[in-house]
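# Inside the fold
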Amino acid sequence: MTSRSYSGVIGSLEEGKRSPSRGAGPDFLCIGAHKAGTTWLYQQLDSHPDFWMPPVKELHYFDQLSRVQRTRHPRCRDERDRRFLERLTSLSAEPGIDLENYGRLFEPKASLLSGDISPNYSTLNDEVIRRVVRYFPNLKVIFLARDPVERVWSHLSMEVRYRQIEPFDATDIDQVNRNLLRRGMLLRSYPSAIVARWKRNVHPDRFRIYFFDDLKRNPTELRCSILRFLGADPDKPSRRVTRDYNSWAGIEKLPLTHKVRSHLAQFFKKELKTCAARLGGPARDWPARYGFSVLFFLWELADDFDLFVWCDWIA
């Protein structure tokens, strides 16, 4: 969404001082990252007995007012799904964000948990984030982080597969750069800036970072950790999928040559080190994957101030 589009949306936002009635609204948002396990998360929660998840994974409400072209028909299993889809269609026809009626989308959950998993929310600016969080004061926020080099290559592979961009020579640095340097791709490619922006506006007790590394290493353990944070019972069995099920697993990606991998690593060198310092956890190991020393990265963080300002400005 462009900065100009944000201005129109923000102008239509309610002041956010009035909280919704008890139980209305999402219990959580998952704000990305793209290609970091959000589909796996949706599938796990949708199959868990403590949750009622919306019939579409990505609502795109706060970034595009849900005016998106979907590649597949949404789920419509029962009356709850039908009612949600009707309300979403009506809501997307309005000129700007309506937080009260957005909250009412989630009424079908009744006493269950529910949330909005939309990776594009990683691109929202401070004002939109602040107003959403003020209106839903108990909202929890999850961010799934992934090594920026791996993430961007997986993202480009997906875009080529679905013809969202023209196929390109994945061995040609110039063609890789042409696709990498798009504003939308850059906005999604700096997890340290995304986390900083959201942490400025969300209480620490209601914000969690999880890692794609842990999804690959031990999906059962990651699932349990997320369920506990959201207030669900991790011991309850899934109804339709196994705990390690991921419909994206095994999907073929663009070939990544050593030359292009090294180029991407140099491009994201500062970000890899910044993530190691600011995100911690598995991110501490990201620089070493590409031969970068982290012994002195704390001194280099001062140079990253411009990066944070730039990422916030283009958001």
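Worth saying up front: this structure is predicted, and the values here are computed from it rather than measured. (Residues numbered from 1 in each chain as written. Predicted model: local features only at pLDDT ≥ 70, side-chain atom pairs only at ≥ 80, totals over all residues. Heavy atoms only, no water.)

## Description of the packing of aromatic side chains
The geometry of an aromatic ring pair comes down to the distance between the two centres and the angle between the two planes. Let me state the cut-off plainly: Note on aromatic contacts: the rings of Phe and Tyr and the six-membered ring of Trp form a pair at centre separations within 6.5 Å, being stacked when their planes are under 30 degrees apart, edge-to-face when over 60 apart, and tilted otherwise. Helix and strand assignments come from DSSP, with helices taken as H or I runs of at least 4 residues and strands as E runs of at least 2, each series counted from the N terminus. Type-normalised accessible area, obtained with a 1.4 Å probe on protein chains alone, sets the label of each residue: buried when under 20%, exposed when over 50%, and partly exposed for intermediate values. We call a charge positioned over a ring when the NZ of a Lys or the CZ of an Arg lies within 6 Å of the ring centre and within 35 degrees of the ring normal.
By the definition in use, this model includes 14 aromatic pairs. Judged by centre distance (5.3 Å) and plane angle (50 degrees), the rings of Phe62 and Tyr121 are tilted. Highlighted residues: Phe62 in helix 3 (residues 61-64) and Tyr121 in the loop between strand 2 (115-117) and helix 6 (126-135), separated in sequence by 59 residues. The buried category is assigned to Phe62, whose relative accessible area is 1%. On the numbers, 6.1 Å between centres and 75 degrees between planes, the contact of Phe211 with Trp286 is edge-to-face. In this pair, Phe211 is assigned in strand 4 (residues 207-211) and Trp286 in helix 15 (residues 286-289), connecting sequence segments 75 residues apart. By the ring-pair criterion, three or more aromatic residues cluster together here, those being Trp52, Tyr61, Phe62, Phe84, Tyr102, Phe106, Tyr121, Tyr135 and Phe136. The positively charged end of Lys140 is found above the aromatic ring belonging to Phe229, 5.2 Å away from the centroid.

## Considering the nonpolar core
The criterion, for reference: Definition used in this section: a nonpolar core is a set of buried Ala, Val, Leu, Ile, Met, Phe, Trp, Tyr and Cys residues joined via side-chain atoms within 4.5 Å. We call two residues in contact when some of their heavy atoms are within 4.5 Å.
By size, the foremost hydrophobic cluster in this structure holds 85 residues, and its most contacted members are Phe62, Tyr102 and Trp198. Apart from residues no more than four positions distant in its own chain, Tyr102 is found in contact with Pro26, Leu29, Leu59, Tyr61, Phe62, Leu91, Asp116 and Phe136.

## Quick notes on the sheet that holds strand 4
Filter applied, for reference: Paired strands are those between which DSSP finds at least two bridges. Each axis is a line fitted through C-alpha atoms, taken for helices only over the stretch in contact, and angles between the N-to-C directions span 0 to 180 degrees.
A sheet is described by the order of its strands in space; here four strands give the open sequence 2-1-3-4, paired in parallel fashion. For this open sheet the edge positions go to strand 2 and strand 4, each flanked by a neighbour on one side alone. In this sheet, adjacent strand axes meet at a mean angle of 15 degrees when their direction is disregarded. Here strand 1 (residues 28-30) pairs with strand 3 (residues 140-145) via three bridges, running parallel.

## Looking at the side chain of Ser189
Counted only if it meets this: Pairing of N or O atoms within 3.5 Å defines a polar contact, subject to two protein rules: one partner must be a possible hydrogen donor and the other a possible acceptor, and residues neighboring in sequence count only if both atoms are side-chain atoms.
Tracing the backbone shows Ser189 in the loop between helix 9 (183-187) and helix 10 (191-199). With relative accessibility at 0%, the residue Ser189 sits in the buried group. Among the polar contacts listed, one links the side chain of Ser189 to the side chain of Arg151, at a separation of 3.0 Å. Those residues within four positions of Ser189 in sequence are excluded, and the remaining contacts are Pro148, Arg151, Val152, Phe268 and Glu271.

## Some remarks on helix 2 (residues 38-46)
Of all the nine residues making up helix 2, nine are buried; the element is thus mostly covered by neighbouring parts of the structure. Within helix 2, burial applies to Thr38, Thr39, Trp40, Leu41, Tyr42, Gln43, Gln44, Leu45 and Asp46. For helix 2, the secondary structure elements touched by its buried residues are strand 1, strand 2, strand 3, helix 11 (212-217) and helix 12 (219-230).

## What to know about unusual backbone geometry
Backbone phi values are negative for most residues with the exception of glycine, while trans is the configuration of most peptide bonds. Cis geometry marks the peptide bond from Gly32 to Ala33, where omega comes out at 5 degrees. Phi at His60 takes a positive value of approximately 55 degrees, unusual for a residue other than glycine. Take His60: it is sitting in the loop between helix 2 and helix 3. With a relative accessible area of 10%, His60 lands in the buried category. The backbone phi angle of Arg163 is positive, close to 60 degrees, even though this residue is not glycine. Relative to the assigned elements, Arg163 resides in the loop between helix 7 (148-161) and helix 8 (173-180). With relative accessibility at 62%, the residue Arg163 sits in the exposed group.

## Considerations on the confidence of the model for the chain
Basically, it comes down to this: pLDDT is a per-residue confidence score from the predictor, ranging from 0 to 100.
Averaged over every residue, the pLDDT of the chain is 88; residues scoring 70 or more account for 83%. Taken together, the stretch residues 1-8 has pLDDT below 50 and engages in 15 contacts with residues farther than four places along the chain or on a different chain.

## Quick look at the environment of Leu144
Among the secondary structure elements, Leu144 is positioned in strand 3. Taking the C-alpha atoms as reference points, Leu144 and Thr38, separated by 106 residues in sequence, lie 7.3 Å from one another. Those residues in contact with Leu144 that lie beyond four places of it in its chain are Cys30, Gly32, Ala33, Ala36, Gly37, Thr38, Leu41, Tyr210 and Ile226.

## Examining the environment of Glu252
Note that Glu252 resides in the loop between helix 12 and helix 13 (258-267). Given the relative accessible area of 68%, Glu252 is considered exposed. In this structure the C-alpha to C-alpha distance between Glu252 and Ser154, which are 98 residues apart in sequence, comes to 9.4 Å.

## Considering the pattern of salt bridges
Worth spelling out the cut-off: Here, a salt bridge means any side-chain nitrogen of Lys or Arg that lies within 4 Å of a carboxyl oxygen of Asp or Glu.
Using the criterion set out here, one finds 21 salt bridges in the structure. Between Glu150 and Arg146 there is a salt bridge, with its nearest N and O atoms 3.8 Å apart. We classify Glu150 as partly exposed; its relative accessible area is 24%. Beyond isolated ion pairs, a larger network of salt bridges with shared partners links Arg146, Asp147, Glu150, Asp213, Lys216 and Arg289.

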